[in-house]
Amino acid sequence: MITEELRWFLAVAETEHVTDAAALVGTTQPTLSRAIVRLERHLGTQLFDRDRNRLRLNQAGRVYRRHAQRALDELESAQDRIAALLPAPAEPLRLACAHSLGSWLLPELLTAYRDHAPGHAVDVREGSAAAVLDLLAVGAVDLALTGPQPSPPGYGWLPLAEERLVLAVPAGHRLAGRAGVGVSELTDGGFVIMRQDVGLREVTCGVFHRSGVTASVAAEADTVAGILDLVAARRGAALVPAGAVAGHPGIETVPLTAADAHRTVGLAWRRGRPLPAPARAFRVLAGRGRRAPRPAGPAGQRGAGSAVQLARRRRASAVGEPGSTL
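Predicted model only: the values in this text are computed from it and were never measured.

## Quick word on the environment of aspartate 229
Reasoning step 1: By secondary structure assignment, the location of aspartate 229 is in helix H8 (residues 224–232).
Reasoning step 2: For aspartate 229 and valine 192, which are 37 residues apart along the polypeptide, the C-alpha to C-alpha distance reads 9.9 Å.

Here you go:
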């Protein structure tokens, strides 16, 4: 069975709907339906239970799915390694990156890629976690640096690093200067969080929920920089990645003692869509050596920020409704 048909089968297994799977892999519904029928005929058994418009894996289908995914992973790994051995093609590397990763992870990976392919064109777009997934979904980019792992179906994922979260508070806050703070202590005062229900907001809510803490929302922002602006303006505190705070005036950080106060960041791509050679080579280079967790930094860390850093910040475009909770 060819690689493309393996992807088609896995797409149907994931979506449980032929029309949705066809859209995911970029083929027509009749073509995909015929491919599934051919596969079942070849194996001598049905792989799906048909329930009106849905196809659910049966026992044989679940067995085949495990082996199909393993086989596809091996084939893609071989293609990645071959791509890394070849000269860079003319087409550019198309990459999206969440804003908060642009100051540390992106430069590290681009340096490794440029050492591998000097002079090769690279097209990088930055945005929120939701925006980079949108770019990936429509095919505007081939890979996305983001975190945490995308929850919608249809995305491949390569974890690259664990980044610690810290409590960001305005200068002079009652918790400023503490050597550490537990999430259970964060029950009074409002919090500034990301507006979209993905990315950092998802991570922040998870930290509070696992600790059994209900926190009130004081404001929402569209970017981590916007969150920090609102914290500096004393609209509330926030849980943010440790690396995002450096150079922001008017803010102090306090390490969190919770072991799960971190986010996994990595590389995402669309399953069922063949990756160009530059993207395959970049994925191989990115995966060489899992990075150690980024430290939270010393308590009370603060800075004035350079003109370039300040110029790149974006103000929050609106404020959330006070009184809502996480």
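Picking up where we left off.
## Regarding the pattern of salt bridges
Reasoning step 1: All told, the structure shown has 14 salt bridges when counted by the stated rule.
Reasoning step 2: With a closest N to O distance of 2.5 Å, aspartate 260 and arginine 210 form a salt bridge. Highlighted residues: aspartate 260 in the loop between strand S10 (251–255) and strand S11 (262–270) and arginine 210 in helix H7 (residues 200–210), separated in sequence by 50 residues.
Reasoning step 3: Overall, the relative accessible area of 24% leaves aspartate 260 in the partly exposed class.
Reasoning step 4: One salt-bridge network, in which partners are shared between bridges, spans Glu16, Asp51, Arg54 and Arg56.

## Description of the nonpolar core
Reasoning step 1: Counting 36 residues, the largest nonpolar core has Leu167, Leu186, Phe208, Ile227, Val240 and Leu256 as its most contacted members.
Reasoning step 2: Elements with a minimum of two residues in this core: strand S6 (155–170), strand S7 (190–194), H7, strand S8 (216–221), H8, strand S9 (238–241) and S10.
Reasoning step 3: Core analysis: the next-biggest nonpolar cluster, separate from the first, contains 25 residues, Leu93, Ala98, Trp269 and Ala281 among them.

## Comments concerning the packing of aromatic side chains
Reasoning step 1: Per the stated rule, a full pass over the model turns up 4 aromatic pairs.
Reasoning step 2: For the pair phenylalanine 9 and tyrosine 64, a centre-to-centre distance of 5.0 Å together with 80° between the ring planes defines the contact as edge-to-face. Of this pair, phenylalanine 9 sits in helix H1 (residues 3–15) while tyrosine 64 sits in helix H4 (residues 59–85); the two residues are 55 residues apart in sequence, bridging distant segments of the chain. Considered together, phenylalanine 9 and tyrosine 64 belong to a single accessibility category, that of buried residues.
Reasoning step 3: Connected via pairs of aromatic rings, a cluster forms that spans Phe9, Phe48 and Tyr64.
Reasoning step 4: In this structure, arginine 270 packs its charged tip against the face of tyrosine 155, placed 4.6 Å from the ring centre.
Reasoning step 5: Here the basic side chain of arginine 283 rests over the ring of tryptophan 269, its NZ or CZ set 4.3 Å away from the ring centre.

## Structural notes on unusual backbone geometry
Reasoning step 1: At the junction of glycine 147 and proline 148, the peptide bond is cis and its omega measures out at 0° in the coordinates.
Reasoning step 2: Mapping proline 148 onto the fold places it in the loop between strand S5 (143–146) and S6.
Reasoning step 3: One non-glycine residue, glutamate 16, lies in positive phi territory at about 60°.
Reasoning step 4: Its place among the elements puts glutamate 16 in the loop between H1 and helix H2 (18–25).

## Regarding the side chain of threonine 146
Reasoning step 1: If you trace the backbone, threonine 146 turns up in strand S5.
Reasoning step 2: Excluding residues within four positions of it along the chain, threonine 146 makes contact with Ala98, Leu101, Ala129, Val132, Trp157, Thr264, Val265, Gly266 and Ala268.

## Observations concerning the side chain of aspartate 142
Reasoning step 1: Inspection of the secondary structure puts aspartate 142 in the loop between helix H6 (129–137) and S5.
Reasoning step 2: Judged by relative accessible area, which is 9%, aspartate 142 ranks as buried.
Reasoning step 3: Within the local environment of aspartate 142, its side chain forms a polar contact with the side chain of arginine 94, the two groups lying 2.9 Å apart.
Reasoning step 4: In this structure aspartate 142 touches Arg94, Leu136, Ala268, Trp269, Leu275, Pro276 and Ala279, once residues within four positions along its chain are discounted.

## Some remarks on the packing of H1 against H4
Reasoning step 1: Between H1 and H4, the shortest axis-to-axis distance is 10 Å and the interhelical angle comes to 135°. It follows that H1 is oblique to H4 by the angle criterion. The crossing of H1 and H4 is left-handed. Contacts between H1 and H4 involve Thr3, Leu6, Arg7, Phe9, Leu10, Ala13 and Glu14 from the first element and Gly61, Tyr64, Arg65, Ala68, Gln69, Ala71, Leu72, Leu75, Glu76 and Gln79 from the second.

## Some remarks on the confidence of the model for the protein
Reasoning step 1: On average, residues of the protein score 83 in pLDDT, and 87% of them reach the 70 mark or higher.
Reasoning step 2: Considering only residues more than four positions removed or in separate chains, one finds that residues 297–322, a stretch of pLDDT under 50, has 59 contacts.

How each quantity is defined
Position numbers for residues count from 1 along each chain, tracking the sequence in the order it is written. It should be noted that, the model being predicted, local features are given only for residues of pLDDT at least 70 and side-chain atom pairs only at 80 or more, the latter also being counted only at that level, while totals for whole chains, interfaces and linings use all residues. Each side-chain value is worked out from all heavy atoms of the structure, with water and hydrogens disregarded. The helix count covers DSSP runs of H or I at least four residues long, the strand count covers runs of E at least two residues long, and both are numbered beginning at the N terminus. Here a salt bridge means any side-chain nitrogen of Lys or Arg lying within 4 Å of a carboxyl oxygen belonging to Asp or Glu. Type-normalised accessible area, obtained with a 1.4 Å probe on protein chains alone, sets the label of each residue: buried when under 20%, exposed when over 50%, and partly exposed for intermediate values. By nonpolar core is meant a set of buried Ala, Val, Leu, Ile, Met, Phe, Trp, Tyr and Cys residues that side-chain atoms within 4.5 Å join together. Pairing of aromatic rings covers Phe, Tyr and the six-membered ring of Trp, with a centre-to-centre limit of 6.5 Å; geometry is then stacked below 30 degrees between planes, edge-to-face above 60, and tilted otherwise. The criterion is that NZ of a Lys, or CZ of an Arg, lies within 6 Å of the ring centre and within 35 degrees of the ring normal, and then a charge sits over that ring. Contacts are residue-level and defined by heavy atoms, with any inter-residue pair within 4.5 Å sufficient. Within 3.5 Å is the distance limit for a polar contact, defined as a pair of N or O atoms, with the added protein rule that one can donate a hydrogen and the other accept it, and that residues adjacent in sequence qualify only through two side-chain atoms. Axis definition: a line fit to C-alpha positions, over the contact stretch in the case of helices; interaxial angles, taken between N-to-C directions, run 0 to 180 degrees. Throughout this description, any angle smaller than 35 degrees is read as roughly parallel, any larger than 145 degrees as roughly antiparallel, any in the 65 to 115 degree range as roughly perpendicular, and the remainder as oblique. Crossing handedness is read from the near helix: turned anticlockwise from the far helix by less than a right angle, it gives a left-handed crossing, and turned clockwise, a right-handed one. On a scale of 0 to 100, pLDDT captures the predictor's confidence in every residue.

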